[in-house]
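Close look at the chain arrangement
As a plain string of letters, each chain reads:
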Amino acid sequence: MSELLRGPHHCVGIATSVTERIFHFLKTRAEAQSGTLSLADLGVLRQQFLASLPKASNYFEGVDRQYNEASAATAPESVSRENILATLVFACTHKAARTAFPQADHIGINWLNQLCGGIARYIRQQICTDANDRLNKAYFEVAGRLGAKLVVADLLTDEGVQRVLRECFLPLIAKDAVDRVAEPLCDAVNSHIAGRRGISKADPSKVTEAEMKKFLTFLPPQLTLAFSAQAAA
């Protein structure tokens, strides 16, 4: 059974449930009393309200943060607007990364998260600058349907999320990716790892270009498995 995931989807689920009840009540009243709002008006307003939820992501994340601080929770903010891409990169690539980078075993899960954070930063800077916004919007749509039951696997099965991820990964799995992308991706990842770990010189936590080429070689079949496995789930 999948572990429950920390995130503002808990709040979104509540907000969506309340919204549905409010608009059902208003619709019932309009039908019974021939009010000034037509049924078409109510339908439009309902869709507009639900569609506006992603714009309140900062509010929902703040509520989630306050709740977890109050309850002394330590789970990471894995699906916040700033972290969701790195979380999904991890979900799609961690097996290839564990095979290509010995640091994953020698240093551990924190290093692996930093690696995926560096890959996510490269994607935002070089491939898909609006990835955060688009994934955040798709996340809120899934959260509106599933609420507190949402887990990472649910995001990977969503067509909207997959559409963004395929665009993000496309240059990394192109035929010439190993030769063309390895060096700049290696530099971006090492810069991110250095910043997170507070290092400035050569360090075992940094990756080599040879390791990155190995990772990029393993990546295409890993992504195929990740997406097809979720589609079959």
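Structural notes, computed from the coordinates. (Residues numbered from 1 in each chain as written. Predicted model: local features only at pLDDT ≥ 70, side-chain atom pairs only at ≥ 80, totals over all residues. Heavy atoms only, no water.)

The next subject is the overall build of the protein. If you tally the helices and strands in the protein, you get 11 helices and zero strands. The order of helices and strands in the protein, counted from the N terminus, is α-α-α-α-α-α-α-α-α-α-α. Seen through its principal axes, the protein has C-alpha atoms that stretch 75 × 40 × 35 Å. A burial count over the protein gives 42% of its 233 residues as buried. Intrachain contacts of the protein at a sequence separation of at least 6 include 74% that bridge at least 24 residues. Only carbon and sulfur atoms are counted for the fraction: they give 54% of the accessible area of the protein, which is about 12,800 Å². Side-chain charges of the protein comprise 26 positive and 24 negative groups, with the mean position of each set lying 2 Å from the other. (Helix = DSSP H or I, 4+ residues; strand = E, 2+ residues; numbered from the N terminus. Buried < 20%, exposed > 50% of the residue type's maximum accessible area, 1.4 Å probe, protein only. Contact = heavy atoms within 4.5 Å. Areas by Shrake-Rupley, 256 points an atom, 1.4 Å probe, with all protein chains shown as cover. Lys, Arg positive; Asp, Glu negative; His and termini not counted. Charge placed at Lys NZ, Arg CZ, Asp CG, Glu CD.)

Before going further, it helps to spend a moment on a nonpolar patch on the surface. There is a patch of nonpolar side chains on the surface, built from Ile14, Val18, Ile22, Phe25 and Leu26 and spanning about 450 Å² of accessible area. Along the polypeptide, Val18 turns up in helix α1 (residues 9-33). (Patch = residues over 30% accessible without salt bridge, like charges linked within 9 Å, V, L, I, M, F, W, Y side chains within 5 Å. Salt bridge = Lys/Arg side-chain N within 4 Å of Asp/Glu carboxyl O.)

A few words now on the pattern of salt bridges. Side-chain pairs of opposite charge can arise where the charged atoms are in close proximity. Counting across every chain of the model gives eight salt bridges. Where Arg134 meets Asp130, a salt bridge forms, and the shortest distance between an N and an O atom there is 3.7 Å. Of the charged contacts, one joins Glu209 and Lys213 as a salt bridge, the two residues approaching to 3.9 Å between their closest N and O atoms. Taken together, the residues Glu209 and Lys213, both in helix α11 (residues 209-232) and four residues apart, mark about one turn of the helix. Where salt bridges share partners, they join Arg81, Glu82 and Asp133 into one cluster.

Within the element layout of this structure, Asn190 appears in helix α10 (residues 177-197). In contact with Asn190, not counting residues within four places along its chain, are Lys206 and Val207.

With that settled, consider the environment of Asp179. Looking at the element boundaries, Asp179 is found in helix α10. Relative accessible area serves as the criterion here: at 64%, Asp179 is assigned to the exposed category. C-alpha of Asp179 to C-alpha of Glu167: the two residues are 12 residues apart in sequence and 20 Å apart in space.

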